[in-house]
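One-letter residues, chain by chain:
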Amino acid sequence: MPKIMMKLGRYAFSLNTAAYQELQHSAAYRWTAQERHGQHAALQYLGPGEDSLSLSGAIYPHLAGAADQVEKMRTEAALGEPLLLVDGLGRIHGKWVILNATETQRVFFADGVPRKIEFSLKLRYFGEA
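What counts and how
Residues numbered from 1 in each chain as written. Predicted model: local features only at pLDDT ≥ 70, side-chain atom pairs only at ≥ 80, totals over all residues. Heavy atoms only, no water. Helix = DSSP H or I, 4+ residues; strand = E, 2+ residues; numbered from the N terminus. Buried < 20%, exposed > 50% of the residue type's maximum accessible area, 1.4 Å probe, protein only. Contact = heavy atoms within 4.5 Å. Salt bridge = Lys/Arg side-chain N within 4 Å of Asp/Glu carboxyl O. Core = buried A, V, L, I, M, F, W, Y, C linked by side-chain atoms within 4.5 Å.

Taking an unreviewed UniProt entry as the reference, the chain is identified by name as P2 GpU family protein belonging to Desulfovibrio ferrophilus.

The structure is reproduced here in structure tokens:
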């Protein structure tokens, strides 16, 4: 049984489905300027801003995984609801939404089946419910 790298909703990332090779986490923080007469503006912290994740990887359907893995990711996105994100260590990262799912097929067999499928997902933290 392959280990799960991460699970987003019902979709599991693993070596047998789609293994991501890169995960980028971006966290923003909100500050506003409070203008002051004759002085530099003072900054006031407003709280956390946008929290986003980008995942990218490749699927080799003839070795592991299947050519329909990105379609399964799109199916999760099309639910139109926040999805629970849990990493392979069992840590719960809260609910996230899929903003974008991209697929690039490369290097084809004679029947048009791709040997390599590159994918990327852009996720955004949904926030507390």
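1. Here we look at the overall build of the chain
A tally of helices and strands in the chain yields 1 helix and 7 strands. Moving toward the C terminus, one meets the helices and strands of the chain in the order β-β-β-β-α-β-β-β. When burial is assessed residue by residue, the chain has 26% of its 129 residues classed as buried. Once local pairs closer than 6 in sequence are excluded, the contacts in the chain between residues at least 24 apart make up 57%.

2. Some details on the pattern of salt bridges
For side chains of opposite charge, pairing can occur when their charged atoms come near one another. In total, this model carries 8 salt bridges according to the counting rule given. A salt bridge links Arg 124 to Glu 50; the shortest N-O distance between them is 3.8 Å. You can see Arg 124 sitting in strand β7 (residues 114-125) and its partner Glu 50 sitting in strand β4 (residues 42-59), a full 74 residues away along the chain. Residue Arg 124 is classed as partly exposed on the basis of its relative accessible area of 36%. Lys 72 serves as the salt-bridge partner of Asp 68, at 4.0 Å between the closest nitrogen and oxygen. Owing to a relative accessible area of 35%, Asp 68 belongs among the partly exposed residues under this scheme. Members of the salt-bridge network, linked through shared partners, are Glu 71, Arg 74 and Glu 103.

3. Thoughts on the nonpolar core
Leu 8, Phe 13, Ala 18, Met 73, Phe 119 and Leu 123 are the most contacted members of the largest nonpolar core, which totals 19 residues. Among the elements of the structure, β1 (4-8), β2 (11-14), β4, α1 (69-78), β5 (83-87), β6 (92-108) and β7 are those that each provide at least two residues to this core. Sort the elements by how many residues they give to this core and β7 lands first, with 4 residues. Beyond its immediate sequence surroundings of up to four residues, Ala 18 is in contact with Tyr 11, Phe 13, Ile 59, Gln 69, Met 73 and Phe 119.

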